[in-house]
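Secondary and tertiary structure notes
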Amino acid sequence: MRINHNIAALNTYRQLNTANNGQMKSMEKLSSGLRINRAGDDAAGLAISEKMRGQIRGLDMAAKNAQDATSMLQTAEGALNETHSILQRMRELAVQGANDTNVDQDRDAIQEELNELKKEIDRIGDTTEFNKQTLLNGGLGGTVEQDAKTTTVLAVTGVASATTNGAIADTYTISSDDTGKLTMTNSAGDKTQTISNTDGVQELNFSDFGITIKTNAGYTADSALGDIVVKSGSVTFQIGANEGQNLSLNIRNMKTDGVLDLADAGKVDVSTHDKAKATITNIDKAITEVSKERSKLGAYQNRLDHTINNLNTSSENLTAAESRIRDVDYALVS
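Residues numbered from 1 in each chain as written. Predicted model: local features only at pLDDT ≥ 70, side-chain atom pairs only at ≥ 80, totals over all residues. Heavy atoms only, no water.

Quick look at the packing of aromatic side chains
Counted only if it meets this: Each Phe, Tyr or Trp ring (for Trp, its six-membered ring) is paired with any other whose centre lies within 6.5 Å, and the angle between the two planes then decides the class: stacked below 30 degrees, edge-to-face above 60, tilted in between. Secondary structure elements follow DSSP: runs of H or I no shorter than four residues count as helices, runs of E no shorter than two count as strands, and numbering proceeds from the N terminus. Only protein chains enter the calculation, and the probe is 1.4 Å; a residue is then buried if its accessible area is under 20% of its type maximum, exposed if over 50%, and partly exposed in between. A positively charged side chain is recorded as over a ring if its NZ (Lys) or CZ (Arg) lies within 6 Å of the ring centre. The angle to the ring normal must also be within 35 degrees.
Under the defined criterion, the tally for this structure stands at one aromatic pair. Both rings, one in Tyr172 and one in Phe209, keep their centres 5.4 Å apart while their planes meet at 70°; by these two values the pair is edge-to-face. On the criterion of sequence distance, the pair formed by Tyr172 in strand S5 (residues 170–175) and Phe209 in the loop between strand S8 (202–206) and strand S9 (211–215) is long-range, its members being 37 residues apart. Like Tyr172, the residue Phe209 is buried in the burial classification. When the ring centre of Phe209 is taken as reference, the NZ or CZ atom of Lys191 above it lies at 4.9 Å.

Thoughts on a negative patch on the surface
To be explicit about the condition: Excluding any residue in a salt bridge, patches collect residues exceeding 30% relative accessible area, merging like charges within 9 Å and nonpolar Val, Leu, Ile, Met, Phe, Trp and Tyr side chains within 5 Å. Each accessible area value is a Shrake-Rupley result obtained with a 1.4 Å probe; residue values ignore everything except the protein chains displayed when judging cover. In what follows, salt bridge is the name for a side-chain nitrogen of Lys or Arg lying within 4 Å of a carboxyl oxygen of Asp or Glu. Here the positive residues are Lys and Arg and the negative ones are Asp and Glu; neither His nor the chain ends is included. In this description, the location of a charge corresponds to atom NZ of lysine, CZ of arginine, CG of aspartate or CD of glutamate.
On the surface, Asp104, Asp106, Asp108 and Glu112 cluster together to form a negatively charged patch. With respect to the helices and strands, the residue Asp108 is situated in helix H3 (residues 104–127).

Observations regarding the pairing of S9
Rule in force here: Whether two strands pair comes down to DSSP finding at least two bridges between them.
Burial of S9 is extensive: four of the five residues sit out of reach of the surface. In terms of strand pairing, strand S4 (residues 159–164) meets S9 through five bridges, oriented antiparallel. Residue pairing across strands places Ser161 opposite Lys214, the latter belonging to S9. Where S8 folds back onto S9 in an antiparallel hairpin, the turn is made up of four residues, including Gly210, whose phi is positive at roughly 80°.

What to know about the pattern of salt bridges
Going through the model one piece at a time under the given rule, you end up with 18 salt bridges. A salt bridge links Glu322 to Arg53, with the shortest nitrogen-to-oxygen separation between them at 2.9 Å. Here Glu322 is found in helix H4 (residues 273–326), whereas its partner Arg53 is found in helix H2 (residues 43–97), with 269 residues between them in sequence. Taking relative accessible area as the criterion, Glu322 reaches 8% and is therefore assigned buried. A single network of salt bridges, built from pairs that share partners, joins Arg252, Glu289, Lys292, Glu293 and Lys296.

Notes on the nonpolar core
Rules: Here the nonpolar core consists of buried residues drawn from Ala, Val, Leu, Ile, Met, Phe, Trp, Tyr and Cys, with membership extended through side-chain atoms lying within 4.5 Å. What makes two residues a contact is simply this: any of their non-hydrogen atoms within 4.5 Å.
If you look at the biggest cluster of nonpolar residues, it comprises 42 residues, and the most contacted ones within it are Leu87, Met90, Leu136, Phe237 and Leu260. Looking at which element gives the most residues to this core, the answer is H2, with twelve residues. With residues up to four places along the chain from it excluded, the contact list for Phe237 reads Ala69, Met72, Gln245, Asn246, Leu247 and Leu249. If you look at the next biggest cluster of nonpolar residues, it comprises 21 residues, including Val144, Leu204, Phe209 and Ile228.

Points about the packing of H2 against H4
Threshold: Geometry is summarised by axes, namely lines fitted to C-alpha atoms with helices restricted to the contacting stretch, and by angles between N-to-C directions that run from 0 to 180 degrees. Between 65 and 115 degrees an angle is taken as roughly perpendicular, under 35 as roughly parallel, over 145 as roughly antiparallel, and anywhere else as oblique. In this scheme the handedness of a crossing depends on how the near helix is turned from the far one: anticlockwise by less than a right angle means left-handed, clockwise means right-handed.
Two elements in contact, H2 and H4, have axes separated by 7 Å at closest approach and are oriented at 165°. The angle between the axes of H2 and H4 places the two elements in the roughly antiparallel class. For the pair H2 and H4, the sense of crossing is left-handed.

Purely geometric numbers; function is a separate question.
Written out as structure tokens, the structure is:
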């Protein structure tokens, strides 16, 4: 028996405090639903869990981004659907105008409607927007690298500028095998276009690629040789949780002065049989260009659908892993 120290009481008090602390932690876990409420509960687990949480929230937001991107593409494609309808009506009128049963007054009436339909195509191109961003006027296309050491065509005497209306990011090479002819080829070598050129001021329009070169009085025919480097499109979708996990898109200029190439009065003219025949061909080319653009937008939409599914699956599985670390298992609370 000891007088100054009651060892039995101290032991009881220590055990009581231990039991109280254990009970408090268990109640905290049960009430919060979390196994880790503070770093001291599991320091390593907390660090791993927080990293996972960052990824999960990033994946969820990336899925929302992809859905917004799909909405943007659907807006653009829906507008081009109307452009298609207008071009089909214009072709119908051109076929009608090619018939010599029409007198001048009849052809004037046909021409008037064609002119108004052209204006509507341009209005659609200028006003189709998503979140204040115009989609079809060429503003979402790629841009030409302006360094003459990279875009070597800019170093050629007489070349004033090189621009693009929606060319995809790539390096395009211009060569000349025939007198008065320039040929553009993409880096893969699977697409080419040959156009004519002369001395002096002109626009070298490689319409198949959406690239235009302007020359001045000092230009000599066939001298515009070299590379044109087009940088990535001006709209980029963040479709992943981490840096660099994105998708770039360009939409070409879908107005009459863009890839449709119908802005000039002579391109849509039914004043004579021969001019009306040429108009049919010009409109057919425009219809083909709209079809290409709609097909591209549709392919991107399908791609984004798969992206969204993958992001949701990744988020679900990562959430399950984070739950095993962070959440409390009620059956094992002690």
